[in-house]
Each structure stands twice: as structure tokens, then as C-alpha cells.
Amino acid sequence: MFISIQNVCFSYPNTGKPALDQFSMNIEKGEVISILGRSGSGKSTILRLLAGLEKPTEGSLTIQDEVLFDGNTFLQPEKRGIGMVFQDYALFPHMTVGENILFGLFQLKKSDKKKRLQEVLELVELQDYEKRYPHQLSGGQQQRVAIARAIAPNPHLILLDEPFSNLDAELQVKIRKDLREILKKANITSIFVTHDENDAHALADRIVKLKDGCIDLIGRPCDLIGIHPHPVPQVTPMIEERELMSV
Amino acid sequence: MQRRLANVNGWTVSAAIIMILLFLPNITIVTGIFSPSNENWVHMKEFVLGSFIRTSLILISATAILTISIGLSLAWLITQYQFPLRGFLKWALILPLSIPPFIGAYTYHGIVNYTGVIQTTLRDQFDMVLNPAHFDIMNLPGAIFIYTMFLYPYVYTITRVFLSQQSASLIESARMLGKGPWRTFFQVVIPISRVSIIGGASLVVLEVLNDYGVVKYFGIQTFTTAIFQTWFGLGDIESSIKLAASLMGFVIFILVIEKVLRGRRQYSYSTTKVRPLPLIQLKGWKAGLVTTYGLMILSLGFFIPIAQLIDWMILTFGTIPMDEFLTYVKNSVLVAGISATAIIIFALIVGNFSRLVQGKVAKLLPKLSILGYSIPGAVIAVAVVTAFIALDRFLVPLYQMIGITTTLVLSVSLIMLISAYIIRFFAIGYNSIESGYDKIGTDFRDASRLLGVGVTKTFFKVDVPMLKGAIISGFILVFIDILKEIPLTLILRPFNFDTLSTKAFQYASDEKIMEASQASLLIVGISALAIVVFYKFLEKEPD
Amino acid sequence: MKKALFLVLAFALLVLSACGNDTTTNKTTSNKESKETKETTETNESKEVNLYTARHYDVDDELYAKFEEETGIKVNVIKGEADELLERIKREGDATEADLFLTADAGRLYRAKDDGLLQAVSSDKLDEQVPANFQDKDQMWYGLTKRARVIIYNKETVKPEELSTYEALTEDQWKGRVLIRGSENVYNQSLLASFIEINGEDKAKEWAAGLVSNFARDPEGGDRDQAKAIAAGVGDVAIMNTYYFGQMLNSEDPEEVKVAEGLGIFFPNQDTTGTHVNVSGAGVVKTSKNKDNAIKLLEFLSAPEAQGTFAEANYEYPVNESVEATELLKSWGEFKEQDISLSVLGDNNAKSILIFNEVGWK
């Protein structure tokens, strides 16, 4: 088993009900997992817990037999070797594309850094944009930089938070395809969170449907087609969830 | 909570140390409220306190309303419209902040009084003899005018920064819904800017509460007068600290009200791309009117008093010794620079701590540092002296080890003065830094950590560069405030240490306002320079 | 960025410690010096005197420089407001570096004495230079310059014959014509304190209430502003200190001179209790470590050579009777002063504040 998540529970301070209740699943290497759910279902919370940005109240996470957290251990986010692509990309505005990508490569030798930078730029097809600043790029380009930055240090796992929410519909379809290609080419295990069934079906090897912090359904996209026990609305205001987290 | 704390040890420890140091002197004041009432206290309560409090309330509410009206309207016009001189007014409208209110008060009185330029011109050139009552500025409305003209930039700067960061869509959608500019202003702009309006206005209110120079000169009896009357007049510092403590209580009350009003609403942007509002070109009389309005405020708050000060400087040039002025400039810039730097560093540490820990206490505690800003400087000074003398006595064995034979070492050095500045002005710097942290949110930090970079390294490589704007604006604000600061500098300075503000005050308090013009102009000049440099710098920043 | 931040921090610390050390190294070297000199001469202590002063005229600095030139004793100065300096000395306690406390009001000198911050010092020179009524009765402080609180009147609307005493200003004919500054001012407090001493508390309160009912307007501004208000026609008489009138007559602003020239000066109570005078003066701090130097500075400031400049620069009267007042002051004529010990000004200070509050003198 490559990644094992067992019985993870979490609740935000000052709120009564758990944001996540007894979440468990195993993931194979190279698998693309999609977590699908409406806002408030706890899907972003899973990413933050896996990344180490929040502390679970219970449960454990191991990647390749290394315990990232359980009752005794809590590895800081910077020690986990997990990459993350944020919903708003969070590209450092004071750094160029190249500097953003190099940011996580501080442990490499100078020549290796350069090589790796060129590799990932090539992967996301942004070779000519190394010297640009994020605000000089389009939304799709920014997203690809964010992916390149996350992939560059060769993480065990990459997490993507609503990767398409900031893109227009046309771009979304194209990028979806690109993203799957990139992830498969790099053979990186990934989990992405979305509220859009189409995204999930187009991208994922397996889909996890979440409801009220519990797993509702889990399976391959083809298995899930036609099963709509709890219809997921297409347009969901995202602001509520952000607010909840900033409190 | 405790498990979270464990993550951020170094930051927690340093933030805790900083906050303890900030609060210690204030605590000595707060405990004063529990001291038993004596007969002076009873007398103050019986005869004067009621009317003093009434005057204070009128003064702060009128000043708050006026500074909000002027500051917010200017901020709105500047962020929304294009009109002649907009580029200049944008930063020049901050300049009145560089004039200490007490100098402003002396200057305006100098302009309008019997021997002032207005009355003499009318008298000598036009032979008009005027009812002096019409030219009296030394009353409550006069004081409100002075405070408004020299303090409105607090509201202006804070709301302008806020409005310019507002996503255009919010305001545009109001327009699309068919609201006219006025209705947009009242129904959308004011409600969304509420937090920044309150932020700016509370600085104004606190500044009015702690100021003594203007009201003393104008003969207006406020709560501050009561504090000083019991201290200086009755020689009863216990009662006066008790009064100051009540003032602190009042400020805490206001802070709580504000907190409740604000509720849980907090906005932060994690995205780098907030689309700026496209400016609407004003034409014809409307453009003229807006430019005139801006220039009028700027003239009242800056050009007119400056012209008068320059006139006085020319009149008195050569009559006062000038050879030490370079030293005063050096001293002023040195203490203001060091203190402002320290405040910003401390604010960065405490702000980062409060962001890392996320608890309510960690959010609220640094806010309380504003207490140091709410009470008259002279009272803070007593608290600081007391604390430093205790510290010196405690350190005597150490002093003896290194061969110093005197007891007072720290308390006769600049360290005491600088510490006092830090205690007093921390809130100003923290405000700025905190809003900077709020603005960048936590995603950038999280992104950095997930790329394998630890909290401290992230702080230097990501947070600090992104906070550059907030760091500089906080620094400038604190720097200017310290440059014009009076009671602390006067009381806590070491031997033979003069600054521009002590010099200006010294002449002004001897009723030699003309002789005070040189030092005042230098204060204004340095502050104005700082503002200009700051703006040139910010304009170069990519959005 | 990190480097820059550390550099700034390091720089700040460096400067701080340098500033901190500045005074301390001074102290230690001077102490060492004093030890060395003690071995040889046994008379000379350190070559410094530390002054806390609430008087801050430019000419003061010149005199301190001259003192250093003559005696080799450096005068270290902290200038501030009297009450705040007193509080600082009080808090510093026996560790204070202050040697001499100088202020422009006898009431404050009294308060310093009353709080046990001063010590008695005596020298033949001081006795010779400072008349007994301008010394503290226990020799804890000595007056250095004096000023009178007089009546200034509009030459056009008031004949000097109409004026007589402070008390007369409470009569009905002065209704709406009297100008004076606010009660937070120490000169007014001392004025009322002297009346409490001379006429008793009830009479003094009666006077204050009577004057308030004759006010031309609510008190505002400083002493100079009262004179200007006469010129503006707000009132006809003002109570103010002599030196402010002198400053206006010699102002750089021709308009102020014009105002002052339209005004007359009147020394009240000449046939009764005398005109109210106050002093600026100084006392040696109880725990002074440079007591001899402090006394030397006192002697220097009251000596004929310094008295001229010290008093003249601010249009004040010298206390040293061997020194003549300036031409301007002489032109105002000799006058009879209140015959009270100035210590009572401080004694009665709190009482006068309470009276001011009770009669509604703003």
C-alpha cells in the first residue's frame, strides 16, 4: 500500500460538529483520486489535514510506511514531502516563474536545480516564461506554474484544491486534459478536490464522494455513472468555506 | 490549542516576551484604578469631572465625524475618479499629518488673532475693524477644527488603501444595478469600508484623547485636563493615574463595542489579482469642484500653516541660535528611526505569532497594546520611569561587575526613551502590519511550507517581501508620530539631548511661537520627505 | 532581505548600546578622575553638574557654557516641564543623577522641598547675592530672577487713576472688561495662593468669584493673548506677567509691538499689600553627588555678571540687588512687592486649584 489514511477525524475549534468523521482510504502509487462534494462537506479539510496545515483529532496517515501523523507523531508540513496546488495558486508575487519553481529545490545542487527547472517547465510547456512574474500570466498559465512548482521537488503526493474553479469553461476542458497528462507523465500520486462531477469523471482513476464529513460513495468513475443518491449542485458559492477557515 | 502552540515555539516565546514588555508599564497604570479614592478625587468628581467628560465627548465625536467625512470622501474621490492634480493630491493629502497639532494650534491662532495676518490686513489695508469674536479660534469648535485638519489623514490613508484594494466588481455591480454615484457611496462604499473607517477614526480619537497641547493652549477643559490638574495642580499623582486608568477603561469599552459591531466579518485575499477600479474621468465643473475641494483641504491642513511658519521663520531668522540644529535633526531622526524599526520588527514577530496560533487570545492580546496610545504621554512616562528605575536597581550587581558605579544606567540612557516610544506607538505599527498579514492571508505561507521551507525561513523569504508595503507604511506612520512626539521626549530624554520637537515645544511653551517656527518647519520637512519617498516607492511596486 | 533585516537589527542594537554606554562611560571616567584627584587634592569632586530645569531660554545655555569655561565644570541639562521633572526625580529616588532643580515658579520649588527632594545649602556668596525674602526660609532653594503679575490696561479706555488693586477689579465697573488666562496656569495659581495667605481663604475665594463674574470672555490662550484681546477690544484690563509685556514691546513682529505700545502697565496694591511677585529659582537635590558644583552654579547664576544676562534676556528683574534692571524695566518704575514668604505660594497651591474649580474659573 502506497498511501494509507485511517480513521481521520477533525473538527474546527468553536464548532460543535466534526468537519471530518472517520475518514479512511488507501491509495496506490500513481493513482489520481478525486474528492467530490458540495461545500461544507469537508473535502478541503482532508487536503489540509494531509498537508499538515491542520491537526487531526484522531487517525493516522502513512506514506510508503513512513508515519506522517498518528497518535504520537505529527510531522510539520515542510517535512512531509507533499505538494499542493492551491485554489488561488498562491504563486509568490515577488518572484518570477523560475524563482517560484526553484523555491522548493533549495536542497539540490546548482546544476541540478537548473536541470529540474527546465524539466518541469517543459512538462507544463512554459519554457519561455521563466523570467515572467505571475501577474503577467493568464489564469491557465498561472495554474500550470503552480503545478510545476508543486511537482518540482518530486513529492510523494500532490494535492490540488479546486484546480479549475478560477478558469473559464473552455479553458477548463483543455486544462483538464493537460493536467491528467502531466500527472500521468510524471507518475505522481494525486488527490484533487472538486465540486464538479465532470471534472472528477474526466480526471480521476477513483472518485470519493463526501457528505457531511463522511464518505458517501467510493469507486471508479465508470462504476459511479448513474448513481446519484445525493445530487451535487453544479454552482456552489465557495465563500462560505473560505470564511469558515479564516475564522 | 496546546498542540498547536508546540509547533511555533521560537515565535511564541519571542512574541510573549515582547508583549509582556509592552504591557508591564501599562499594568502599573491599570492597577491605579483600584487605589482608594482620596479627597482630591472626590473634589474632582464633584466639581469638574462631569463637564470635562462632556467636553471630551463632544470633542472626540465631532472630530471623528469630521475626519471621517473628509478622509473618506477624499479617499473615495481619489480611488474612483480622474481629475486635474489627482496624482499630486493622492499623496499630498497625507502631508497635514506632518504638522504636530499643537504647532498647528499655535499657528492658526497666530494667523487669526488680533496681530495675525488676516486681521491686520483688513485693519491696515481696508480700515475694517472687526468683531474679535468672529476671529476667535481658541474654543471648542476651534479645537475640533485643528484636530480635524491635522488628523484626517489617518482616515484618508487607511480607507484609501482599503478602497483601492477593493475588487472592482463589488462597486461596479452596484453601478450596474442602477445606483448613482451617491447611492453607491452611501449604500455600498461606506458599509464595506466600515472596518477601515473605524480603524482610522479610532486612531484619531485616541490621538485627541491623549493630546494635551492644543486643549491646554486653547483653555478647553477635557478629561486630559483633569488628569493633569490633579497631578500638577493638586500634586496628587495617584488620583491622576486613577483618572488615566478610567480613560483606559473607556478605551477598552470602545474597543469591545467595535469588536462586537464588526462581528466575525473578516476579509482576506489569497489571490494576487484584485482587479483595480478603472478611473472615471470627470469633466468640466465637476472636475473643477473636486480639485478645488482637495486643494482646499490641503491648504487648510498644510499650505496655510506652512506659509505662516515660513513667514515667522523669516521674521526671526538670526535671532535664535541655529548652530545646534544639525544635532537636533540628527537626534530626531536617530531616535525616530531606531524606534520605528524596532516597532516594525516587533510587530512582524507578534503578528506572525498571532497568525500562526490563530486563537482568539492571540488575536486580541496584541490589540490591547493600543492602550499605550490612549492615555496622555506624560502618564505613560511616569510608568516607564518607574519600570526602568526598578530594572536598574535590579541590575546593579551586574553593573558593578562591569565596573559601573552608578545605579541608574538604563534610565539615564536613550534606551528608556526608545522603549517608551515603542510602548506608546506599537499599536500604530501593529495596525499596519496586521492588516498586511490579513491581506496576504495564509496560503502563501502554507504553499512555502509545503515546498519544504520551515516557518522562520518562510517568514523571511515569503512573508517579509510580501509585506513590504505594510512594513514601509507602518514605519513611516510611526516615524512621523515619533518625530513630533512631545511629552515622552521631554520627560524621558537623557542629559543634553534635544530633538526638533523638544526645541519647538520649548519656544512654543514660552509663548514664542515665532521662534518655534524653525524647528517646526524642520519636523514638517523631514516628515514630508518621508511621505514623498514612501509614495515614490509604492508607485514603483508592481500590483 | 533576511540579511538586510539582521543588519538593521544589529545596527540598532549597536547604536543603542553606544548611546547607553555614552553616559555610563562618561560617568565612570569622571568617577575615576574624581578618585584620582581626591588622592591628590581631596577637595575637587567630579567636573560635572547635572541640572533638571523647567526654564528653557536660549540665554540659559549660553550661561551654562560660560560657567563651564570659567570653572571647568560641565553642565548636563534635561529640560522639561516642572511637575514632570519633579516626578522623575521623585521616582529616581536616592539614585538620581540630578544635582540641581531649576524652575520658574516658587510654588514648584516649595513642592520639591515639601516632597523632601531638596537639601539645605548655604554659602556666604549666596546670602550676599540673594536677598533673604527670595530664599527659602530653610535655605533649600534660592530665587534667581523675579517677575511681577501686573495689570495691563488699554490706554485709550482706561485711565490709570481708575486702577488701584487686584481686589478692585471685582467691582461692578469692570463687569465684562477683565481678561486673564485659564486657571490651569501656575502663575494664576500662585497669585491666588498669595491672596489666600494675605487675605484668608474666604476673601480669596470671594475675589476669584468676583473676577470670574467680571470676565470679558472665558479664559483662553496665554498671557500675550490677553494683551492682544485688549487691543482687539474684547476687554480693557488684563492681568499678566511683566516679562510677557516686555517681550511684546521687543517683538520681531511689528504688529505685536504696535499692540503693546497701545497698552499701559500698572502695578496694583501699591498702597495696600503690594504687587504679586514670583521667582524662578533653584534648589540642590537632596541626594546630589556633585553638591559643591551645584552650589557653584547657583552662586554663578546669582552673581552680578550672570544676573544681568539671566534676567535681561527675558525682561525679568534680577534678584541680586547690586544689579540694576534694564532700562525698560526701570522705566516702569519702582514698586512695592507683596510682603510674604514665597514658600506659601506652594503651601496654598492645592487650595487655590480647589477654589478655581469651585468658582468655575476655567
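Residue indices follow the written sequence of each chain, beginning from 1 at its first position. Going through the entries in the order they are written, you letter the chains from A and number the ligands from 1. In keeping with the predicted nature of the model, local features appear solely for residues at pLDDT of at least 70, side-chain atom pairs appear and are counted solely at 80 or more, and the whole-chain, interface and lining totals rest on all residues. Hydrogen atoms and water are omitted, and side-chain values are computed over all heavy atoms in the structure.

What to know about the overall build of chain A
Under the DSSP-based scheme used, a helix requires at least four consecutive residues in state H or I and a strand at least two consecutive residues in state E, with every element numbered from the N terminus. A tally of regular secondary structure across chain A gives eight helices and ten strands. Burial here depends on accessible area, computed with a 1.4 Å probe over protein chains only, as a share of the maximum for the residue type. Under 20% is buried, over 50% is exposed, and the range in between is partly exposed. Within chain A, the fraction of its 247 residues that count as buried is 54%. Across chain A, the fraction of contacts at a sequence separation of at least 24, relative to all contacts at a separation of at least 6, is 67%. Shrake-Rupley sampling with a 1.4 Å probe provides the accessible areas, and residues are treated as covered by the protein chains on show and by no other component. Surface accessibility of chain A: about 11,000 Å² in total, with carbon and sulfur atoms responsible for 49%. Here, residues are in contact when the closest pair of their heavy atoms is within 4.5 Å.

Comments concerning the packing of aromatic side chains
One pair of aromatic rings is described through two measures. These are the centre distance and the angle between the planes. We call Phe, Tyr and Trp rings a pair once their centres come within 6.5 Å, taking the six-membered ring for Trp, and we label the pair stacked below 30 degrees between planes, edge-to-face above 60, and tilted otherwise. All chains considered together, the criterion is met by 27 aromatic pairs over all chains. Summarising the aromatic geometry, the rings of B:Tyr108 and B:Phe150 are spaced 6.3 Å apart at their centres and angled 55 degrees between planes, so their arrangement reads as tilted. Within this pair, whereas B:Tyr108 is found in helix 6 (residues 101-112), its partner B:Phe150 is found in helix 8 (residues 140-165), the two being separated by 42 residues in sequence. Every member of this aromatic cluster is reached through a ring pair, and the members are C:Tyr166, C:Phe195, C:Trp207, C:Phe215, C:Phe356 and C:Trp361. Only lysine NZ and arginine CZ atoms are considered, and such an atom sits over a ring when it is within 6 Å of the ring centre and within 35 degrees of the ring normal. Just above the ring of B:Phe425 sits the side chain of B:Arg424; from NZ or CZ to the centre is 6.0 Å. The lysine or arginine in question, B:Lys457, covers the ring of A:Phe106, its NZ or CZ lying 4.3 Å from the ring centre.

What to know about the interface of chain C and chain B
The interface of chain C with chain B comprises 75 residues on the first partner and 77 residues on the second. By salt bridge we mean one thing: a side-chain nitrogen of Lys or Arg within 4 Å of a carboxyl oxygen of Asp or Glu. The interface formed by chain C and chain B contains two salt bridges. Residue B:Arg393 is joined to C:Asp94 by a salt bridge in which the shortest nitrogen-to-oxygen separation is 3.5 Å. Polar contacts here mean pairs of N or O atoms no more than 3.5 Å apart (in protein, one a potential hydrogen donor and the other a potential acceptor; neighbouring residues in sequence count only if both atoms are side-chain atoms). Joining chain C to chain B, the criterion identifies 15 residue pairs in polar contact (both at pLDDT 80 or more).

Overview of the pairing of strand 1 (residues 3-10) of chain A
All names here are of chain A. For strand 1, a buried count of six out of eight residues is recorded, marking the element as mostly surrounded by other parts of the structure. At least two DSSP bridges between two strands are needed for those strands to be called paired. Relative to strand 2 (residues 20-27), strand 1 runs antiparallel, the two being bridged by five bridges. Residue Ile5 lies in a different strand from strand 2, and its bridge partner there is Met25. Pairing geometry for strand 1 and strand 4 (residues 58-63), over five bridges, is antiparallel. By the bridge assignment for strand 4, Ser4 is matched with Thr62.

Regarding the environment of C:Tyr57
Within the secondary structure layout, C:Tyr57 lies in the loop between strand 1 (48-53) and helix 2 (58-71). Overall, the relative accessible area of 9% leaves C:Tyr57 in the buried class. On a C-alpha basis, the gap between C:Tyr57 and C:Phe310 in space is 9.2 Å, while along the polypeptide they are 253 residues apart. When near neighbours in sequence (up to four residues on either side) are disregarded, C:Tyr57 contacts B:Asp510, B:Lys512, C:Tyr243, C:Asn314 and C:Glu316. At 2.9 Å, the side chain of C:Tyr57 and the side chain of C:Asn314 are in polar contact.

Re the domain arrangement of chain B
For an interface, size is often stated in terms of accessible area lost upon the parts coming together. All names here are of chain B. Each domain's extent was defined by an automatic or database domain assignment. For chain B, the assigned domains read domain 1 (8-26 + 318-509) and domain 2 (38-263 + 274-316). Domain 1 and domain 2 are separated by 25 Å when their C-alpha centres are compared. On the domain 2 side, the residues contacting the 29 residues of domain 1 number 28 residues. Taken together, the two surfaces of domain 1 and domain 2 that pack against each other cover about 2,500 Å², and 74% of this comes from carbon and sulfur. Accessible area that two parts lose when put together, evaluated with a 1.4 Å probe and summed over both, is termed the buried area. For the domain 1 face of the interface with domain 2, the top three residues by lost area are Tyr373, Pro376 and Lys484, together amounting to 22%.

Examining the environment of C:Asn357
With respect to the helices and strands, the residue C:Asn357 is situated in helix 15 (residues 349-359). When its relative accessible area of 7% is taken as the criterion, C:Asn357 is described as buried. Between the alpha carbons of C:Asn357 and C:Glu184 there is a distance of 9.9 Å; along the sequence they are 173 residues apart. Apart from the residues within four sequence positions on either side, C:Asn357 is in contact with B:His43, B:Met44, B:Phe47, B:Val48 and B:Gln229.

Structural notes on the environment of A:Lys211
Among the secondary structure elements, A:Lys211 is positioned in strand 9 (residues 206-211). Exposure remark for A:Lys211: the relative accessible area of 38% places this residue in the partly exposed category.

Comments concerning the sheet that holds strand 3 (residues 32-36) of chain A
Residue and element names in this part refer to chain A. Judged by pairing direction, the sheet is mixed, and its six strands sit side by side in the order 6-7-8-3-9-10 without closing on themselves. Of all the strands in the sheet, just strand 6 (82-85) and strand 10 (214-219) have a single pairing partner and so form its edges. Here the strands of the sheet are splayed against their neighbours by 20 degrees on average, with no regard to which way each runs. Think of each axis as a best-fit line through the C-alpha atoms, taken over the contacting stretch in the case of a helix, with angles from 0 to 180 degrees between the N-to-C directions.

What about the nonpolar core?
Ranked by size, the top nonpolar core spans 236 residues in total, and within it B:Phe218 and B:Leu492 carry the most contacts. Counting residues per element, this core draws most heavily on helix 16 (residues 325-357) of chain B, at 17 residues. Formed jointly, this core draws a minimum of three residues from each of two domains, domain 1 (8-26 + 318-509) and domain 2 (38-263 + 274-316) of chain B. Residue types Ala, Val, Leu, Ile, Met, Phe, Trp, Tyr and Cys, when buried and joined through side-chain atoms within 4.5 Å, form a set referred to as a nonpolar core. The next biggest cluster of nonpolar side chains, apart from the first, holds 83 residues, and it includes C:Tyr57, C:Leu63, C:Tyr142 and C:Ala227.

Some points on a negative patch on the surface
All names here are of chain C. A contiguous patch of negative charge on the surface is contributed by Glu68, Glu69, Glu70 and Glu305. Along the chain, Glu69 falls in helix 2. Overall, the relative accessible area of 70% leaves Glu69 in the exposed class. To count toward a patch, a residue needs a relative accessible area above 30% and no salt bridge. Like charges then connect within 9 Å, nonpolar side chains (Val, Leu, Ile, Met, Phe, Trp, Tyr) within 5 Å. When charges are tallied, Lys and Arg are placed among the positive residues and Asp and Glu among the negative ones, while His and the ends of the chain are skipped. For charged residues, the charge sits on one atom: NZ in Lys, CZ in Arg, CG in Asp, CD in Glu.

Thoughts on the confidence of the model for chain B
Residues and elements named next belong to chain B. Every residue gets a pLDDT, meaning the predictor's confidence in that residue, from 0 to 100. Confidence in the prediction for chain B averages 83 pLDDT; 91% of positions are at 70 or higher. Per-element mean pLDDT across chain B ranges from 44 in helix 1 (residues 2-7) up to 93 in helix 15 (residues 284-316). Taken together, the stretch residues 1-6 has pLDDT below 50 and engages in eleven contacts with residues farther than four places along the chain or on a different chain. Residue range residues 266-274 is modelled with pLDDT below 50. Its contacts to residues more than four positions away, or to other chains, number 25 contacts. Note on the complex model: pTM 0.83, ipTM 0.83.

Some thoughts on unusual backbone geometry
A negative phi angle characterises most non-glycine residues, just as the trans form characterises most peptide bonds. In the Ramachandran plot, A:Asp212 falls in the positive-phi region, its phi being about 50 degrees despite a non-glycine side chain. Within the secondary structure, A:Asp212 sits in the loop between strand 9 and strand 10. Of note in the backbone geometry, B:Leu85 takes a positive phi value of approximately 70 degrees without being a glycine. Secondary-structure assignment places B:Leu85 in the loop between strand 1 (81-82) and helix 5 (86-92).

What about the sheet that holds strand 5 (residues 66-69) of chain A?
All names here are of chain A. Taken in spatial order, the four strands of this open sheet run 2-1-4-5, and their pairing is antiparallel. Of all the strands in the sheet, just strand 2 and strand 5 have a single pairing partner and so form its edges. When the angles between neighbouring strand axes are averaged without regard to direction, this sheet yields 20 degrees. In terms of strand pairing, strand 4 meets strand 5 through three bridges, oriented antiparallel. Pairing of Leu61 across the sheet is with Phe69, part of strand 5. Packing against the sheet, helix 1 (residues 43-51) makes contact with strand 1, strand 2, strand 4 and strand 5, and its axis sits at approximately 115 degrees to strand 1.

Brief notes about the pattern of salt bridges
When the charged atoms of two side chains lie near each other, side chains of opposite charge can form a pair. All names here are of chain C. If you walk through the whole model with that rule in mind, you get 41 salt bridges over all chains. A salt bridge links Glu87 to Lys90; the shortest N-O distance between them is 3.7 Å. Of this pair, Glu87 and Lys90 both sit in helix 3 (residues 82-92), separated by three residues, roughly a single helical turn. A salt bridge links Lys258 to Glu255; the shortest N-O distance between them is 3.6 Å. Of this pair, Lys258 and Glu255 are both found in helix 10 (residues 254-261), three residues apart, which corresponds to roughly one turn of the helix. The exposure class of Glu255 is buried, given its relative accessible area of 15%.

So, helix 11 (residues 194-210) of chain B
Given 3.6 residues to a turn, an α-helix orients residues that are three or four positions apart in the same direction. Multiplying one less than the number of residues by 1.5 Å gives the expected span of a helix. Here helix 11 of chain B is 17 residues long and its end C-alpha atoms lie 24 Å apart, about the 24 Å a rise of 1.5 Å per residue gives. Among the 17 residues in helix 11 of chain B, 13 count as buried, and that is most of the element.

Comments concerning the side chain of C:Asp136
Within the secondary structure layout, C:Asp136 lies in the loop between helix 5 (124-129) and strand 4 (141-154). Among residues more than four places away in sequence, those in contact with C:Asp136 are C:Lys113, C:Trp141 and C:Ser343.

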